[in-house]
Amino acid sequence: MLAVRADGVYVDCTFGRGGHSRAILQRLGPAGRLIALDRDPQAVEAARAIADPRFSIDHAPFSELTRVLETHLPQRGAALVDGVLADLGVSSPQIEDAARGFSFRAGGPLDMRMDPTRGVSAADWLATATEQQIREAIASYGEERFAKQVAKAIVAARAREPLLRTEQLAAVVAAAVRTREAGQNPATRTFQALRILVNRELEEIAMMLPQASARLAPGARLVVIAFHSLEDRLVKRFLRACAADSLPADLPIRARDLPQPPLRILGKALRAAERSGAALDQAVLKRAFSEHGPDAWRS
């Protein structure tokens, strides 16, 4: 969907461990350019292994996208780009590293910060937040129907001892959640909520999207990969608002004189296949790419 051009300028807003960045670089020619950013210092350090003059990395969150582009593309004036990719949410290396505190499956410090050098950890927030604040966060960001019971259990547990470990919190939540969704740990939604809150993920996405849109050159692409309904709704509402006509339909103006919306939605959202590594349905891909010509389809 990014439709990488050999001489284009692209942005990978979530470097992670570089899977997307390396795929983009493979499609770029000598004149192409890729700017990546990530708020995780470990991801930035991993990016140093890419010794490619077409590539640069910046330690920054989504909200600093404009600053990153102006830093890395000063010679391009307004720093317009040909494509922006954002792969939202937590990364596999963050989940797999118990010391980061994202996972309830392995014991570790209750941190959850994507950038451990900034902000407040999940443990520190839980130690000072009111029961109402905890309840609202778990209900809003985790969409947990037992948010009231979980918040009450957390406040009771922290009165007995500080909640400093992931396994402590997981046990408290498991005791408070009366029923479980099939195949899902009862702590899943609470951990998601705390991670989103600690990292201000929705606020960062909301700040990144208009910055990305403003920097797109004519014909450029904005591609976002989302993993849960909160991200999905936020992105779709932004795209629909930017792609909508800005004037009433019955206004007496010729069509060619109407101001054009800044974005155009390309087909419907693509969903990952059920089995890891399975090929996406070709009919879905064909519908998504049909209006963009044979070259886009072949790529």
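Calculation criteria
Residues numbered from 1 in each chain as written. Predicted model: local features only at pLDDT ≥ 70, side-chain atom pairs only at ≥ 80, totals over all residues. Heavy atoms only, no water. Pairing = 2+ DSSP bridges. Helix = DSSP H or I, 4+ residues; strand = E, 2+ residues; numbered from the N terminus. Axes fitted to C-alpha atoms, helices over the stretch in contact; angles between N-to-C directions. Contact = heavy atoms within 4.5 Å. Phe/Tyr/Trp six-rings, centres within 6.5 Å; stacked < 30°, edge-to-face > 60°. Buried < 20%, exposed > 50% of the residue type's maximum accessible area, 1.4 Å probe, protein only. Right-handed = clockwise from strand over helix to strand, strands pointing away. Parallel < 35°, antiparallel > 145°, perpendicular 65-115°, else oblique. Left-handed = near helix turned anticlockwise from the far one by under 90°. Salt bridge = Lys/Arg side-chain N within 4 Å of Asp/Glu carboxyl O. Nonpolar A, V, L, I, M, F, W, Y, C, P; charged D, E, K, R; others polar. pLDDT = per-residue confidence, 0-100.

### What about the sheet that holds strand β5 (residues 216-225)?
Then, number 1: Strand order in the open sheet formed by five strands is β3-β2-β1-β4-β5, and the pairing between neighbours is parallel. Two strands close off the open sheet at either side, each with one partner strand: β3 (55-59) and β5. Between one strand axis and the next, the sheet turns through 15° on average, direction left out of account.
Then, number 2: As paired strands, strand β4 (residues 81-87) and β5 are joined by six bridges and run parallel to one another. Counted as the bridge partner of Val84 is Leu222 from β5.
Then, number 3: Contacting β4 and β5, helix α10 (residues 201-214) runs over the sheet at an angle of about 155° to β5.

### Let's talk about the packing of aromatic side chains
Then, number 1: Enumeration over the complete set of coordinates arrives at two aromatic pairs.
Then, number 2: With a centroid separation of 5.8 Å and 45° between ring planes, the pair formed by Phe15 and Phe55 is classed as tilted. Residue Phe15 is located in the loop between β1 (9-12) and α1 (19-27), and its partner Phe55 is located in strand β3; the two are separated by 40 residues in the primary sequence.
Then, number 3: Using a relative accessible area of 10% as the deciding quantity, one classes Phe55 as buried.
Then, number 4: Ring plane angle 85° and centroid distance 5.4 Å describe the contact between Phe104 and Phe191, whose orientation is recorded as edge-to-face. Highlighted residues: Phe104 in the loop between α4 (92-96) and α5 (122-128) and Phe191 in helix α9 (residues 188-199), separated in sequence by 87 residues.
Then, number 5: On the accessibility criterion, Phe104 (14% relative accessible area) is buried.

### Some words on the pairing of β3
Then, number 1: Of all five residues in β3, four are buried, a share of seventy percent or more.
Then, number 2: As a crossover connection, the stretch from strand β2 (residues 33-38) through helix α2 (residues 41-47) into β3 is right-handed.

### Observations concerning the packing of helix α6 (residues 131-142) against helix α7 (residues 147-160)
Then, number 1: The geometry of α6 relative to α7 is characterised by a closest axis approach of 8 Å and an angle of 135° between their N-to-C directions. Relative to α7, the element α6 is oriented oblique. The way α6 lies across α7 gives a crossing that is right-handed. Contacts from Glu131, Ile134, Arg135, Ile138 and Ala139 of α6 reach α7 at Ala147, Lys148, Val150, Ala151, Lys152, Ile154, Val155 and Arg158.

### Some words on the pattern of salt bridges
Then, number 1: Scanning the model with the defined rule gives 15 salt bridges in all.
Then, number 2: In this structure, Arg100 engages Asp40 in a salt bridge whose closest nitrogen and oxygen atoms are separated by 2.9 Å. Of this pair, Arg100 sits in the loop between α4 and α5 while Asp40 sits in the loop between β2 and α2, and the two are 60 residues apart along the sequence.
Then, number 3: Of the charged contacts, one joins Lys236 and Asp232 as a salt bridge, the two residues approaching to 3.2 Å between their closest N and O atoms. In this pair, Lys236 and Asp232 are both assigned in helix α11 (residues 229-243), four residues apart and thus about one turn of the helix distant.
Then, number 4: According to the relative accessible area criterion, Asp232 is partly exposed, its value standing at 29%.

### Observations regarding the side chain of Ser213
Then, number 1: Within the element layout of this structure, Ser213 appears in helix α10.
Then, number 2: Apart from residues no more than four positions distant in its own chain, Ser213 is found in contact with Phe238, Pro262 and Leu263.

### Side note on unusual backbone geometry
Then, number 1: In this structure, Met112 is a non-glycine residue whose phi angle is positive, near 75°.
Then, number 2: Along the chain, the position of Met112 falls in the loop between α4 and α5.
Then, number 3: Judged by its relative accessible area of 0%, Met112 falls in the buried class.
Then, number 4: The backbone of Arg200 shows a phi angle near 50°, a positive value even though the residue is not glycine.
Then, number 5: With respect to the helices and strands, Arg200 occurs in the loop between α9 and α10.

### Thoughts on the packing of α9 against α10
Then, number 1: At a minimum axis distance of 5 Å, the contact between α9 and α10 shows a crossing angle of 50°. In this view, α9 runs oblique relative to α10, as classed from their interaxial angle. Counting all contacts with α9, which are made through Arg195, Ile196 and Asn199, the residues of α10 involved are Glu201, Leu202 and Glu204.
Then, number 2: Of the residues that constitute the contact of α9 with α10, the class distribution is two nonpolar, one polar and three charged.

### Section: the confidence of the model for the chain
Then, number 1: The pLDDT averaged across the chain works out to 87; a share of 85% of its residues lies at or above 70.
Then, number 2: The low-confidence segment residues 276-280 (pLDDT under 50) makes six contacts with residues lying over four places distant or belonging to another chain.
Then, number 3: Throughout residues 291-299 the model reports pLDDT below 50, and contacts reaching past four residues in sequence, or to other chains, amount to 10 contacts.

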